[in-house]
Amino acid sequence: MDRIFRGIMKYRRTNRAKMVQQFVQVKNHPEPKALFFTCMDSRMLPARFTETNVGDMFIVRNAGNLIPHSQHFLDEYTTCEPAALELGCVHNDIRHVIVCGHSDCKAMNLLHLLRDTEFASIDNRRLSPLRSWLCTHAISSLDKYQQLEAAGFDTPLVFQAETPLRKIIAYIDPENKFNVTDKLSQVNTLQQLQNIASYGFLRKRLEAYDLHIHALWFDIYTGDIYYFSRQNKKFVEINEINIDKLVDEVSKYYN
């Protein structure tokens with residue numbers, strides 16, 4: 001708490017006045033442009049690495065950047081993520097939903113261990129809220145990863161996109177740069193796009209190309225950020241060389 005208090009004091013001396021000005025500017029008419037789902041990992045600072053400001057994005061964080069599939073939308077399973085989708089995309093007319101995974105994700109490390117059926121048993125799940133959360137909402141990601149692993153990591157995976165007729169074809173780490181749990185993290189990030197598309201209250205906007213879903217992936221050890229390019233069928237580093245191509249791809253694909 002000493003670190004938190006001293007950080008607040010530094011904020012008062014440095015950034016407070018500028019932030020208050022931004023609060024005043026968006027007070028009555030905030031116009032966030034994106035709903036950003038990411039992990040609660042303390043190394044993930046999305047407002048910083050996207051250089052966004054007050055009013056630019058809604059941000060939702062949880063263990064493993066998961067969005068539960070709509071099949072779990074029962075009273076006893078309701079979580080904040082579907083509510084965030086409704087708040088952002090229905091009540092605030094946001095047009096872009098972004099899911100951002102990352103390397104060395106502790107939730108994904110644990111998910112990888114859940115391949116052990118005894119470790120993932122009902123009795124063991126009851127001992128751990130985190131294990132239960134992953135078993136309920138991330139097993140589909142693990143299943144997809146195991147398909148990839150069984151095929152020697154060479155075969156593309158297929159995910160549902162905005163509608164059942166639109167598919168995302170994905171080669172996961174074809175250059176073999178990352179370890180197995182990072183590959184799982186990339187699979188999991190794409191699986192969340194499929195989960196988002198399962199919600200009926202988003203269907204009309206998704207079918208009309210009025211709502212768009214994207215995947216980012218952050219390498220915390222290099223600071224590199226990757227965008228899933230449907231044209232390239234893989235995560236592509238966003239850098240000075242290809243930024244114009246990616247902007248052009250997104251513009252053509254979503255407009």
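Per-chain numbering applies: the sequence of each chain, read as written, is numbered from 1 onward. The predicted nature of this model means local features are confined to residues of pLDDT at least 70 and side-chain atom pairs, given and counted, to a pLDDT of 80 or more, with totals for whole chains, interfaces and linings taken over all residues. Just so you know, side-chain values use all the structure's heavy atoms and leave hydrogens and water out.

Let's talk about the overall build of the chain
Step number 1: Secondary structure assignment for the chain yields 11 helices and eight strands.
Step number 2: Based on C-alpha atoms, the radius of gyration is set beside the globule rule, defined as 2.2 Å times the residue count to the power 0.38. Relative to the 2.2 N^0.38 estimate, which gives 18 Å for 255 residues, the radius of gyration of the chain is 19 Å and therefore close to what a compact globule would have.
Step number 3: Each of the three principal axes of the chain carries a C-alpha extent, and together these read 55 × 45 × 40 Å.
Step number 4: Burial classification: accessible surface area is computed with a 1.4 Å probe over protein chains only, and a residue below 20% of its type maximum counts as buried, one above 50% as exposed, and the rest as partly exposed. The buried share among the 255 residues of the chain stands at 45%.
Step number 5: The contacts of the chain with a sequence gap of at least 6 include a subset with a gap of at least 24, amounting to 64%.
Step number 6: In short, Shrake-Rupley with a 1.4 Å probe defines the accessible areas, and a residue's cover is counted only from the protein chains shown. Only carbon and sulfur atoms are counted for the fraction: they give 54% of the accessible area of the chain, which is about 14200 Å².
Step number 7: Treating the 31 positive side-chain charges of the chain as one cloud and the 30 negative ones as another, the clouds have centres 6 Å apart. Each helix is a run of H or I in the DSSP string that is no shorter than four residues. Each strand is a run of E no shorter than two, and both are numbered from the N terminus. The contact criterion used throughout is that any non-hydrogen atoms of two residues lie within 4.5 Å. His residues and chain termini do not enter the charge count, which takes Lys and Arg as positive and Asp and Glu as negative. All charge positions are set by atom: Lys at NZ, Arg at CZ, Asp at CG, Glu at CD.

Regarding the pattern of salt bridges
Step number 1: A side-chain nitrogen of Lys or Arg and a carboxyl oxygen of Asp or Glu constitute a salt bridge if their distance falls within 4 Å. Following the criterion strictly, the structure yields 13 salt bridges and no others.
Step number 2: When the shortest N-O distance is used, the salt bridge between Asp2 and Arg6 registers 3.0 Å. One end of the pair, Asp2, and the other, Arg6, are both in helix α1 (residues 2-14), four residues apart, so they sit about a helical turn from each other.
Step number 3: Exposure remark for Asp2: the relative accessible area of 48% places this residue in the partly exposed category.
Step number 4: A relative accessible area of 58% means that Arg6 is categorised as exposed.
Step number 5: The residue Lys33 makes a salt bridge to Glu31 at a minimum N-O spacing of 3.8 Å.
Step number 6: Residue class for Lys33 comes out exposed when judged on its relative accessible area of 53%.
Step number 7: The network of salt bridges with shared partners includes Asp41, Arg43, Asp104 and Lys106.

With respect to the nonpolar core
Step number 1: Residues enter a nonpolar core if they are buried and are Ala, Val, Leu, Ile, Met, Phe, Trp, Tyr or Cys, with the set joined through side-chain atoms within 4.5 Å. Counting residues in each nonpolar core, the largest one holds 33 residues, and the members touching the most others are Leu35, Phe37, Leu85, Val97, Leu190, Ile196 and Leu202.
Step number 2: Only β1 (34-39), α4 (80-91), β3 (96-102), β4 (157-160), β5 (167-170), α9 (180-196), β6 (212-218) and β7 (225-229) provide two or more residues apiece to this core.
Step number 3: Among the elements that take part in this core, α9 stands out by supplying four residues, more than any other.
Step number 4: The contact partners of Val97, leaving out residues within four places of it in the chain, are Leu35, Phe37, Leu85, Cys89, Ile196, Leu211, His212, Ile213 and His214.
Step number 5: Core analysis: the second largest hydrophobic core is formed by 16 residues, Ala63, Cys105, Leu110 and Tyr145 among them.

Quick look at the UniProt feature "binding site: Zn(2+)" (unreviewed entry) in the chain
Step number 1: Cross-referencing UniProt, the feature "binding site: Zn(2+)" (unreviewed entry) maps to Cys39, Asp41, His102 and Cys105 in the present numbering. Taken along the chain, the residues just named run across 67 residues; in space they keep tight, none of their C-alpha pairs more than 9.0 Å apart.
Step number 2: Looking at the secondary structure, you find Cys39 in strand β1.
Step number 3: A residue is classified by how much of its surface remains accessible, and Cys39, at 4% relative accessible area, is buried.
Step number 4: Structurally, His102 can be placed in strand β3.
Step number 5: Those residues in contact with His102 that lie beyond four places of it in its chain are Cys39, Asp41, Arg43, Met44, Ser185, Trp217, Phe218 and Ile220. UniProt positions are given in the numbering used here, feature names are shortened, and annotations may be inferred rather than shown by experiment.

Quick word on the environment of Gly152
Step number 1: Relative to the helices and strands, Gly152 is located in the loop between α8 (139-150) and β4.
Step number 2: Among the residues examined, Gly152 registers a relative accessible area of 37% and is labelled partly exposed.
Step number 3: Between the alpha carbons of Gly152 and Gly101 there is a distance of 23 Å; along the sequence they are 51 residues apart.

Here we look at the state of the cysteines
Step number 1: The disulfide criterion is simple: two cysteine sulfur atoms within 2.5 Å. Per the counting criterion, the structure on display carries zero disulfides.
Step number 2: Cysteine Cys80 is unpaired, with the sulfur of Cys39 as its nearest cysteine sulfur at 13 Å.

Overview of α8
Step number 1: The span one expects for a helix is its residue count, reduced by one, times 1.5 Å. The end-to-end C-alpha distance of α8, which contains 12 residues, comes to 16 Å, matching closely the 16 Å that a straight helix rising 1.5 Å per residue would cover.
Step number 2: Where α8 is buried, its residues contact α5 (106-113), β4 and α9.
Step number 3: One or two residues past the end of α8 sits Gly152, with phi positive at roughly 75 degrees.

A look at the environment of Phe218
Step number 1: The topology assignment puts Phe218 in strand β6.
Step number 2: On the basis of relative accessible area, Phe218 is assigned to the buried category, the value being 10%.
Step number 3: As for Phe218 and Glu237, which are separated by 19 residues in sequence, their C-alpha atoms are 9.4 Å apart.
Step number 4: Leave out the neighbours within four places in its chain, and Phe218 touches Met44, Phe49, Cys100, Gly101, His102, Ser103, Gly223, Asp224 and Ile225.

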